[in-house]
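Given next are the chains, with one letter for each unit.
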Amino acid sequence: MMDSRSDTGAARELLGPWRQEQTGNWTHWCCVLARLVFLFSHGVLVMIVSASLDHISEASWWTLFIPAWIGDALCVVLLILSWFASCPYIKLCISSRQPRMGNQNPSILTELLPGIFLAVLGLFFVIFVILGEYALCKYLMSANSGMTHVWPVAVTFVILGLLAIAYGACLTHDSVLFSCVGGSLLMTTFLLAVTRNAQSSRARAVFFFPIAVGLLFIFLAVVHRLLVLKRVLTTEERILRHVEIVTLFVMLAGTVLWAVKVSAGQVATSGGTGVAVGVAMCLFALLRGRLCFVEESGRPMAVRLLFDVEEPSVNVRPAEVQIPLQTRQ
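Note on numbering: residues in each chain are counted from 1, in written sequence order. In keeping with the model being predicted, local features are shown solely for residues with a pLDDT of at least 70 and side-chain atom pairs are shown and tallied solely at 80 or more, while totals for entire chains, interfaces and linings include all residues. Values reported for side chains reflect all heavy atoms of the structure, with hydrogen atoms and water molecules removed beforehand.

You'll find the protein entered in an unreviewed UniProt entry as Transmembrane protein, with Noctiluca scintillans given as the organism.

A.B. asks: Where do I start with the packing of helix α2 (residues 26-51) against helix α12 (residues 271-297) in this structure?
C.D. replies: If you want to describe how two helices pack, look at the angle between their axes and the distance between the axes. Inter-axis angles, ranging from 0 to 180 degrees, are taken between N-to-C directions of lines fitted to C-alpha atoms, where helices are fitted over the stretch in contact. Only DSSP runs of H or I reaching four residues or more are called helices, and only runs of E reaching two or more are called strands; each is numbered from the N terminus. Between α2 and α12, the least distance of the axes is 6 Å, while the angle of their chain directions is 165 degrees. Considered as vectors, α2 and α12 are oriented roughly antiparallel to each other. For α2 against α12, the interelement crossing comes out left-handed. Should an angle lie under 35 degrees it is considered roughly parallel, over 145 roughly antiparallel, and from 65 to 115 roughly perpendicular; all remaining angles are considered oblique. In this scheme, a crossing is called left-handed if the near helix is turned counterclockwise away from the far one by less than a right angle; it is called right-handed if the turn is clockwise.

A.B. asks: Got a minute to help me understand the pattern of salt bridges in this structure?
C.D. replies: Opposite charge on two side chains permits them to pair, given that their charged atoms come into close proximity. Definition used for salt bridges: Asp or Glu carboxyl oxygen within 4 Å of a side-chain nitrogen of Lys or Arg. Applying the stated criterion to the full structure yields 4 salt bridges. For R241, the salt bridge is made with E295, and the minimal N-O distance between the two is 2.5 Å. Placement of the pair is R241 in helix α11 (residues 235-263) and E295 in helix α12, with a sequence separation of 54 residues. Among the salt bridges present, the one from R288 reaches E244, with a minimum N-O distance of 2.7 Å. Remark: E244 occurs in helix α11 and R288 occurs in helix α12; sequence separation between them is 44 residues. Buried, partly exposed and exposed residues are distinguished by accessible area as a fraction of the type maximum, computed with a 1.4 Å probe on protein chains only: under 20%, between the cut-offs, and over 50%, respectively. R288 sits in the partly exposed class, given a relative accessible area of 24%.

A.B. asks: Explanation requested: the packing of aromatic side chains in the structure shown.
C.D. replies: Each aromatic ring pair is summarised here by two numbers: the centre-to-centre distance and the angle between the ring planes. Classification of ring pairs rests on two measures: the distance between centres of Phe, Tyr or Trp rings, Trp counted by its six-membered ring, which must be within 6.5 Å, and the angle between planes, read as stacked under 30 degrees, edge-to-face over 60 and tilted in between. Counted by the stated rule, this structure contains 6 aromatic pairs. With 5.4 Å between their ring centres and 45 degrees between their planes, W62 and Y134 make a pair best called tilted. Pair noted here: W62 is in helix α3 (residues 61-64) and Y134 is in helix α6 (residues 108-141), with a separation of 72 residues, a long-range link. Relative accessible area serves as the criterion here: at 43%, Y134 is assigned to the partly exposed category. Between F208 and W258 the ring centres are 5.3 Å apart and the planes differ by 50 degrees, which places this aromatic pair in the tilted class. Residue F208 is found in helix α10 (residues 208-229), and its partner W258 is found in helix α11; the two are separated by 50 residues along the sequence. Assigned by exposure class, F208 and W258 land together as buried. Chaining the aromatic ring pairs together yields one cluster made of W61, F65 and W69.

See the structure below:
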């Protein structure tokens, strides 16, 4: 009886550090999942709003924005969870007096703690997004009554745009993505403030111009990234990145076509184009999630580029080498 208890205690002592080590990447995955949920939920929002364009005057914007509210709430939960998800791993590193445990785990000094700091900033960003969407809903609901107040929306989205640009330029390697989103948001807010009293269809179509420009730069950045990494990618990674480029092109073409229809006064019949853009956004989020998982399963991309060696494809067996036997004369 005593031997079984001692064996159980020894097993727990051995499994304890292993379980703590497994939490090393949990902070990273919480942040990645928060971004994917944010993109997917707003893709659903675009689909719902586009499908309601034929009777948009009768719809409630508070109801239409439900996917965004749910996505934002999940992002807040995931970002707060990311602060504590890797605490067991941090405790293990501190107790072992090592900045990193294992080859596949992050360093608490150069990767994990900066990631937690970015997650804290990301929480403030999501809070401003919630405030901006609330102000936007309030503005859209009061548009029919003529008592519109555009300045709360403008101020909130200007802050969001500046935060996105600063976040991309100074604090993360995805500088093109965040800078394009922030710049598009700033330009769209400026156009909203300038043309808020315009009633023409062309004035409404102007809002799509910054979005199309931002998508164009993101599209070019993704294509350039593929050309740089193509020689070290696996077959699945190449396929995912090509499909990702096609999805971005659909989003860009759909946005331009949507703007053309709105400019021609066909707002009610442009819902199908908006639905296609929303579906492309959701598909892009799913592709990005799968791509992140595949890339994290292999060697880091920086290591592949350093040695310039192609990553072996999954489920490919190494070639067998046959050594002929020498026969004695």
